[in-house]
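Structure at a glance
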Amino acid sequence: MKKLITLLLFVLSLCPAVFAAEKPLGVEEFTSTEELALSLSSYFPKVQGEVKTVQGDRLTLAFVRKDELIPGMAMTLWREGREILHPVTKAVIGRAEEEVGTIEVVSVGESSVTAVVKKKKKDVSPGDRARTTPRKINMALVPLREEHPDIVKALADNLNELGRFNVLDTGKVDVFLKNSKTRDAAVVRELGSTFGLDAVVSLGIYPSEGRLMVTARIFYTDDASQLDTVVAMLDLKAGKGSLGEIKPFFTPTREEKTITPELPFMAQSFVAADFDGDGRLEYAFSDGSRLHIYRNEPSGWREVWTETATSIGATMEWEGLTTVTRPGTVLQNINIDSADINGNGRPEVFVSMLRNDKVISSVFEFQNGTFSRIAELPGFSRVVSWPGKGTILLIQDYDAVQFHRGLPRQHVWSQGAYRAEGEVRFPKDLSLYGWTFANLGEAQPLLVALDAEDRLLVYSGDSVVWKSVEQYPVVDVYVYPPATGVGAILAKQSGEDKGQRVRLRGRLVALDVNGDGKDEIILPKNITGTFTGGFSGAELNGLSWNGARLDPAWSIKDIPGPVFDFRSMTPDQSGVRINALVRTQGGLFTKDRQQVMIYTVR
């Protein structure tokens, strides 16, 4: 049992190249494991096509039955070789086949199919043939829990009966898992090489309100890439093997990366919007003490406006795993957000800061050709997207001892000013930062938060209904509230007291990435270096709610440094754009470098 649970934890994080099948997201009614088997078999059709054009590693192909193709599908490229002659009659009885390589389907159009070369043994040429394997698919079903072996066996029998699969006996799978010492993607690859498998399907079966939720994740064994996930609700009352509400778990996820030039300063956080209403995107950066407005142009970053340094005394420093805004003589920036709360068509920038012994939120806006401070609000500010209510502004009071005090109040623009309305309730162990409301397909929006150990929590009301095992480390941001009374005297005598600092929890975003009407949770996960001890890289993760837990839906890997902050832009026809503020550490003779990396996710 322990081994199976361990595999669950690792397999669910296998996303080196996560590509899901492009299938409708509407609910499909299945009534048996036979229909689930048919759904899985649709990912392995028998089709054959011909290469028409070659542009580098990108190919255009023609297929007679392209409707059976789906993005992410792997295919073999081959070429007709020499003639094979009958040894007696010398008649041509066929041609030898020369393997050219393997490809992956990228998109399926009305008249052609686009693919990319994944492995190349020979240069690809027009006229080369592409096909899925015509032989039976060797597959293993890997149950992630010991319960309900009858469901696993029934599905294996159904797949074998289709005549397209040879399903490995689950007893052999169990023995392999007990003896295997590999982890992560190596589990799938080793299982494939040991038993000559083409694919592995991990099966998770979880109790859910009197039914069983079945998740089937399809992996290719050659590179452990995930093709898709199918989710089913098993209704025990309807009889053994009955299934309902089966649908693909997520849509195709592709990403394209754009890297901006190096920033001329070190930033702690940022927000991006068209602040001046000219149709172009501007970035508002906080370096921990000042606000900088920049625009990314073809020639590089162009400064639009920078807050004057008249009263600024705080600095931000790199400390391995943390950024620390140290107490200066005047202020420390805490949070930056943006939204058009006053309704004039230009988003305001809200900057929360600790100024002397108070927390205030300055509001900046583009007016009369420049940026200026238009208001100051007492307390912390946060812009929140609330399903069913839209974008709202929250303000929470500051307390010198508790830091955050009381419940935040929604503020609206009325009669030329920001005015407080009703309180917004959320769990008492949370502050204003480090959580988001999300439409996860339940009757009411749920709240998703990061705890003090960087684990995800899902709240329904004040109750935690799920907590992640996996951690999602962020670049810690600490602020130092000024000591008061006796504490102030002791602080002067003993120097800086790290016990007085307050850690701000990381950012996470709820956004409907795949257009299914439900939000996915997007957040970074910074990776600790093996030898340096600091963060050496990062990944961006998208997670989907399956009714009982948040499961990985997609991820962007191999980000070359820690993500300090990130923002998601409103989805459009090109996909969802995620802007990440990434810092890469310099070497012996080079300084640290910070850039905005832009990922378009489809």
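Before going into details, it helps to say that this report is about the structure given with it. Computed from a prediction, not measured in an experiment: that's the story for all the values here.

1. Let's talk about the overall build of the protein
Counting its regular elements, the protein contains 6 helices and 40 strands. Across the 602 residues that make up the protein, the buried fraction comes to 52%. Looking at the protein alone, contacts between residues at least 24 apart form 53% of all its contacts between residues at least 6 apart. As displayed, the protein offers around 27200 Å² of accessible surface, 49% of which is attributable to carbon and sulfur atoms.

2. A word on the sheet that holds strand β27 (residues 417-423)
Pairing is antiparallel in the open sheet, where 4 strands are placed in the order β24-β25-β26-β27. Strands with a single pairing partner mark the edges of an open sheet, and in this sheet they are β24 (380-386) and β27. The average angle at which neighbouring strand axes cross in this sheet is 40 degrees, direction not considered. For β24 and strand β25 (residues 390-399), the ladder comprises 7 bridges, and the chain directions are antiparallel. Residue S385 lies in a different strand from β25, and its bridge partner there is T391.

3. Topic: the environment of M73
Secondary-structure assignment places M73 in the loop between β2 (58-63) and β3 (74-85). M73 gets classed as buried once you look at its relative accessible area, which sits at 1%. As for M73 and D228, which are separated by 155 residues in sequence, their C-alpha atoms are 9.9 Å apart. Among residues more than four places away in sequence, those in contact with M73 are Y43, P45, E68, I103, E104, V105, T132, Y220 and L227.

4. As for the packing of aromatic side chains
Scanning the entire structure with this criterion turns up 22 aromatic pairs. Seen from their ring centres, Y398 and F403 are 5.8 Å apart, and the 85 degrees between their planes marks the pair as edge-to-face. Connected via pairs of aromatic rings, a cluster forms that spans F265, F270, Y283, F285, Y294 and W301. The ring centre of W435 lies 4.9 Å from the NZ or CZ of R382, which sits over that ring. Directly above the ring of W386 sits K389, whose terminal nitrogen or CZ lies 3.7 Å from the centroid.

5. Comments concerning the sheet that holds strand β35 (residues 520-528)
Taken in spatial order, the 4 strands of this open sheet run β34-β35-β36-β37, and their pairing is antiparallel. With partners counted over all chains shown, the strands left at the sheet margins are β34 (509-511) and β37 (550-559), one partner each. Put simply, the sheet's adjacent strands are angled 30 degrees from each other on average, direction ignored. Relative to strand β36 (residues 535-545), β35 runs antiparallel, the two being bridged by 8 bridges. Bridge assignment links T528 to a residue of β36, and that residue is F535.

6. Side note on the nonpolar core
One recurring pattern in soluble globular proteins: nonpolar side chains tend to sit buried together. Residues F44, I103, L141 and L159 are the most contacted members of the largest nonpolar core, which totals 45 residues. The residues that make up this core include at least three from each of domain 1 (45-131) and domain 2 (137-234). With sequence-adjacent residues up to four places away left out, I103 is seen in contact with L59, L61, M73, A74, M75, L77, A115, V116, V117, K118 and A130. Of all hydrophobic cores here, the second largest spans 25 residues; its members include F380, W386, F426 and W435.

7. Some details on unusual backbone geometry
In the Ramachandran plot, N368 falls in the positive-phi region, its phi being about 55 degrees despite a non-glycine side chain. The residue N368 is located in the loop between β22 (358-367) and β23 (370-378) in this model. Residue classification places N368 among the exposed residues on the basis of a relative accessible area of 82%. The phi dihedral of Q415 is positive, around 55 degrees, even though this residue is not glycine. Residue position: Q415 is located in the loop between β26 (403-414) and β27. In this structure Q415 comes out as exposed when scored by relative accessible area, which is 72%.

8. So, the pattern of salt bridges
Applying the stated rule across the entire model yields 29 salt bridges. Notably, a salt bridge pairs E297 with R302, separated by 3.0 Å at the nearest N-O pair. R302 gets classed as partly exposed once you look at its relative accessible area, which sits at 37%. A salt bridge links R503 to D454; its shortest N-O distance comes to 2.8 Å. Highlighted residues: R503 in strand β33 (residues 502-504) and D454 in the loop between β29 (446-450) and β30 (455-460), separated in sequence by 49 residues. For D454, a relative accessible area of 10% puts it in the buried group.

9. Focus on the pairing of β35
Extensive coverage of β35 is indicated by the burial of 7 of its 9 residues. Relative to β35, β34 runs antiparallel, the two being bridged by 3 bridges. Across the sheet, residue L511 finds its bridge partner in β35, namely E520.

10. Some points on the side chain of E539
Mapping E539 onto the fold places it in strand β36. Relative accessible area serves as the criterion here: at 11%, E539 is assigned to the buried category. Setting aside chain neighbours within four positions, we find E539 in contact with L523, P524, K525, I527, I556, K557 and I559.

11. Section: the packing of helix α2 (residues 33-41) against helix α3 (residues 149-161)
Two elements in contact, α2 and α3, have axes separated by 9 Å at closest approach and are oriented at 55 degrees. In terms of orientation, α2 and α3 fall into the oblique class. Viewed along their axes, α2 and α3 form a crossing whose handedness is right-handed. Within the contact between the two elements, α2 uses T33, E34, L36, A37 and L40 and α3 uses A154, L155, N158 and L159. Taken together, the residues of the contact of α2 with α3 sort by class into 6 nonpolar, 2 polar and 1 charged.

The rules behind these values
- Residues numbered from 1 in each chain as written.
- Predicted model: local features only at pLDDT ≥ 70, side-chain atom pairs only at ≥ 80, totals over all residues.
- Heavy atoms only, no water.
- Helix = DSSP H or I, 4+ residues; strand = E, 2+ residues; numbered from the N terminus.
- Buried < 20%, exposed > 50% of the residue type's maximum accessible area, 1.4 Å probe, protein only.
- Contact = heavy atoms within 4.5 Å.
- Areas by Shrake-Rupley, 256 points an atom, 1.4 Å probe, with all protein chains shown as cover.
- Pairing = 2+ DSSP bridges.
- Axes fitted to C-alpha atoms, helices over the stretch in contact; angles between N-to-C directions.
- Phe/Tyr/Trp six-rings, centres within 6.5 Å; stacked < 30°, edge-to-face > 60°.
- Lys NZ or Arg CZ within 6 Å of the ring centre and 35° of its normal.
- Core = buried A, V, L, I, M, F, W, Y, C linked by side-chain atoms within 4.5 Å.
- Domains from an automatic or database assignment.
- Salt bridge = Lys/Arg side-chain N within 4 Å of Asp/Glu carboxyl O.
- Parallel < 35°, antiparallel > 145°, perpendicular 65-115°, else oblique.
- Left-handed = near helix turned anticlockwise from the far one by under 90°.
- Nonpolar A, V, L, I, M, F, W, Y, C, P; charged D, E, K, R; others polar.

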